[in-house]
Amino acid sequence: MKLLALKSFAALVPIPQWISLAAGQPLSTENDILEYVNPLIGSGNGGNVFAGASLPYGMAKAVADVDGQNTGGFATDGSHVIGFSSMHDSGTGGNPSLANFPLFPQYCPDDVLDNCQFPKAARAVHYVNDSVVARPGHFALALENGIRAEMTVSEHAALYRFNFPSSTAEDGSELSPLILVDLTDAWDSRQNASIKIDAENGRITTNGTFLPSFGAGTYASYFCADFLGAAVKESGIWVNDRAGTETQELFVTRGFNLFYLQAGGYMRFRRPEDGTVTVRVGVSFISSEKACENAEKEIPYPEDDFDRLRQRAESAWREKLSPVSVQAGGVTEDFLETFWSGLYRTMLSPQDLTGENPLWRSDEPYYDSFYCIWDSFRATHPFLTIVDPVAQSRMVRSLLDTYRHEGWLPDCRMSLCKGWTQGGSNADVVLADAFVKNLTGIDWDLAYKAMVNDAENEPLEWSYEGRGGLHSWKRLNYIPYLDFDYLGFGTNSRSISRTVEYSYNDFSLATVGQGLGKPEYIKYLSRASNWQNLFKADQHSLINGSDTGFVGFFQPKYLNGTWGYQDPIACSPLASPCSLTSNPSETFESSVWEYQFYVPHDMATLIGLLGGPDYFVSRLNFFHTSGLADISNEPVFLTVFLYHYAGRPALSAARVHAYIPSAFNASTSGLPGNDDSGAMGAFTVFTMMGLFPNPGQNVYLIVPPFFEAVSITHPVTNNTATIRNVNFDSSYRSIYIQSATLNGEPYTKNWIGHEFFTEGWTLELTLSDQESDWGTGVDDLPPSLGQSMHVWT
């Protein structure tokens, strides 16, 4: 199956050594960086990416919706198109998100209204594989019935062009194009909805109440569509598989039990000479009137605005990508496409809904689709801190404004609703990361208050905010297995993963508290060591009855201090998956093996508990080569680079090349799992540019970039940082650092701080095909709370 992403060159053509690729205004199509952005990467294999048209952080996201892997709307799985809708999320798990009020174009056989297909399953039609065009700000395809669709967007509105080929009935009369609006969303969660057709003015307005895809409560969505370029022949409403012209308004509920009522409205047109019907769609979370205002303001001339909007979207994306430039060094185009497409996906979410929040009045920004912070704190937000610190500061302010008005920092949020909490209160890590990297415009006293609230106060419903089990956390210094928690209510599981995450959350609080001069930071720094209370030094791990040879793992512990048991390989790729709703366990979505490495603030102590650097390296190698490592999920990210803490940075470099391009590449199946609001994209970009963050700390772990050089111009300071490979080898045989210089001076540390980006330093790495002693000394290791017992020869 071939799918196009508007590329004009062969996928494996090496890029000449001298070419430097940046994202500014193009001199010609040959050097336009957007040619390397392929929104279809991850549109198969469960990547769930949004492949359609969007502005950076845009609310309007237009794409074709399919009946296959439709979590992000469209998928390259050969399924059927069932509609075209204007709001989506990108890369998420859970239920399919948004896709409210889809449009669907068709002809009625013999021009008889009752012959048209209205329900989703009946109207579904394949798309033509070779017709798919996906580019930042633009999406298009052809249906097998000959109808073509293309779309572009503004911030809160979408513009569609449907082209209907000439078609006639058996009597020779020309068929009339029909476009319906469906009162549904991607996973049929509608609770109720209304529609009103104004045929005289060619307008349809709707509103409805829906469920969030991974959270609690409901949200209201509003829609306003203007149909242009063709005279309206007739209009009306439809219910299930029948339509009529008598009624122009409709209110529907969900339906009874499993019977989901399918309903909506339509307009039928006299086919224009060029066959094209234009539809301008405004969306809003405020009202239908606001949706119409958004469309009228942002797309004032819909029949003439398509190319202007598309070009504006491309310019917006070039500007957002412009801080980064790459000196390719002869690598193949696939690596460039993987890199730039990953960067692009980091800016699809969270979505800027400032002015579209009906829940409270505020002058602060409002961002939505933090989906979920358990995923995005590890790479997405640290990456935006580098390339778009103004937007990241606005996101932090939005989190704090949510705390101000709802009482808790979100851990997950979508569609104006509270999302399910997966682990700890990981917005705390996002705040600490912003603090240590000196983001501006943030009320740090409010931030500290919000973080203390997470650490000290248990909400009644900790399933979607705050932390549960705080009584035990403070009294026992761990989260017990089968905890007795009468203060609040949530899924009483994940005692191991919550313990290690709470430990790091409290370290994040201590970091901010110490920086603000709060004396109680000492208490939270002490709690940051609570992870040690679940370490069982004599615990073995078996696979298929054979001992792995490694001893010492986290294990659940009861309220009375006695040990419980969870097989260390449970919830790994070698066993059954674990989630909140299926097979809940004492670790969330990952195994004890994987969580054993999650002590980001005190790797030195962890390495000591696990037997020292050599044993730690051996254990880490086994984890990554035995099938235990789940590269499809975010908790694995930092483990790829943990060799740095044992004084073996060369092994981190080797490990990243084991995953790129095998698991992260430029194919439609080029992601190993859900992109999770750009988390997989951020992991890819950080890895390929050679600096990976330990989020919440001023630490980036150094490996050689996948290119000859990568430069980033800080958008606030305007200083340009460069990491450059000397003796770069585009076949990737020479991937080991022999020596390094920072601003021309010898540099032996295997990590660097955020000042590298803000001050605009230059880091040069001399490479070879053999491991060296660079970055291996005790003084070269990244910081840890405990003292290193590092010895390496």
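Source: prediction; values computed, not measured.

Caption draft 1: A look at the UniProt feature "domain: Glycosyl hydrolase family 92 N-terminal" (unreviewed entry) in the chain. UniProt tags residues 36–284 as "domain: Glycosyl hydrolase family 92 N-terminal" (unreviewed entry). Structurally, residues 36–284 comprises 2% helix and 42% strand, and the distance from its first C-alpha atom to its last is 32 Å.

Caption draft 2: Spotlight on the state of the cysteines. This structure, assessed with the given rule, holds 4 disulfides. In this model C108 forms its disulfide with C116; the gap between the sulfur atoms is 2.0 Å. Handedness of the C108-C116 disulfide follows from its S-S torsion of about -90 degrees: it is left-handed. Comparing C108 with C116 shows no difference in burial state: the two are buried. Take the cysteines of the chain that form disulfides and number them in order along the sequence; they join up as 1-2, 3-4, 5-6, 7-8. Free of any disulfide, C417 has its nearest neighbouring cysteine sulfur in C412, separated by 11 Å.

Caption draft 3: Structural context of the sheet that holds strand β28 (residues 700–702). Taking strand neighbours across the sheet as the criterion, the 3 strands line up as β27-β28-β33 in an open arrangement whose pairing is antiparallel. Looking at which strands have only one partner, the edges of the open sheet turn out to be β27 (691–693) and β33 (751–752). Looking at chain direction, β27 and β28 are connected through 3 bridges and run antiparallel. The residue bridging F692 from the neighbouring strand is L701, located in β28. The sheet strands contacting helix α17 (residues 679–689) are β27 and β28, and the helix crosses β27 at an angle near 135 degrees.

Caption draft 4: Broad picture of the pattern of salt bridges. Counted under the stated rule, the structure contains 36 salt bridges. Here E456 ties to K474 by a salt bridge, and the two come within 3.0 Å at their closest N and O atoms. With E456 in helix α9 (residues 444–456) and K474 in helix α10 (residues 470–476), this residue pair connects regions lying 18 residues apart in the sequence. Exposure remark for E456: the relative accessible area of 18% places this residue in the buried category.

Caption draft 5: Inspection of the layout of surface pockets at higher detail. In this structure, the largest pocket encloses a volume near 690 Å³. Looking at the largest pocket, it is lined by 36 residues, and the ones nearest its centre are Q422, C578, S579, F588 and E589. A breakdown of the residues in the lining of the largest pocket according to their chemical character gives 13 nonpolar, 17 polar and 6 charged. Estimated volume of the second largest pocket: approximately 350 Å³. Forming the walls of the second largest pocket are 18 residues, and the residues nearest its centre are P56, Y57, E155, K320 and D352. Secondary-structure elements contributing two or more residues to the lining of the second largest pocket are α3 (306–321) and α7 (389–406). Here the residues of the lining of the second largest pocket sort into 8 nonpolar, 3 polar and 7 charged.

Caption draft 6: Summary view of helix α6 (residues 380–387). Extensive coverage of α6 is indicated by the burial of 8 of its 8 residues. Those residues of α6 that fall on the buried side of the exposure criterion are T380, H381, P382, F383, L384, T385, I386 and V387.

Caption draft 7: Quick peek at the sheet that holds strand β10 (residues 157–163). Ordered by their spatial adjacency, 9 strands build an open sheet running β7-β8-β9-β10-β19-β14-β13-β12-β17, and the pairing between neighbours is antiparallel. Every other strand in the sheet has two partners, leaving β7 (133–135) and β17 (249–253) as the edge strands with one partner each. In this sheet, neighbouring strand axes are inclined to one another by 15 degrees on average, regardless of whether the strands run parallel or antiparallel. Here strand β12 (residues 192–198) runs beside β17; their pairing, made up of 5 bridges, is antiparallel. Within β17, the position partnered with A193 by the bridge is V252. Of the strands in this sheet, β10, β13 (203–210), β14 (219–228) and β19 (276–284) touch helix α2 (residues 288–298), which is tilted by about 125 degrees from β19. Most of the contacts of α3 go to strand β9 (residues 148–153), to which it runs at about 55 degrees, and overall it touches β7, β8 (138–142), β9 and β10.

What counts, and where the lines are drawn
Residues numbered from 1 in each chain as written. Predicted model: local features only at pLDDT ≥ 70, side-chain atom pairs only at ≥ 80, totals over all residues. Heavy atoms only, no water. UniProt positions renumbered as here; feature names shortened; annotations may be inferred. Helix = DSSP H or I, 4+ residues; strand = E, 2+ residues; numbered from the N terminus. Disulfide = S-S within 2.5 Å. Buried < 20%, exposed > 50% of the residue type's maximum accessible area, 1.4 Å probe, protein only. Pairing = 2+ DSSP bridges. Contact = heavy atoms within 4.5 Å. Axes fitted to C-alpha atoms, helices over the stretch in contact; angles between N-to-C directions. Salt bridge = Lys/Arg side-chain N within 4 Å of Asp/Glu carboxyl O. 1 Å grid on protein atoms, 1.4 Å probe; cavity = no way out; pocket = protein on both sides within 12 Å on 5 of 7 lines; lining within 4 Å. Points joined across faces, edges and corners; volume = space filled by probe spheres on them. Nonpolar A, V, L, I, M, F, W, Y, C, P; charged D, E, K, R; others polar.

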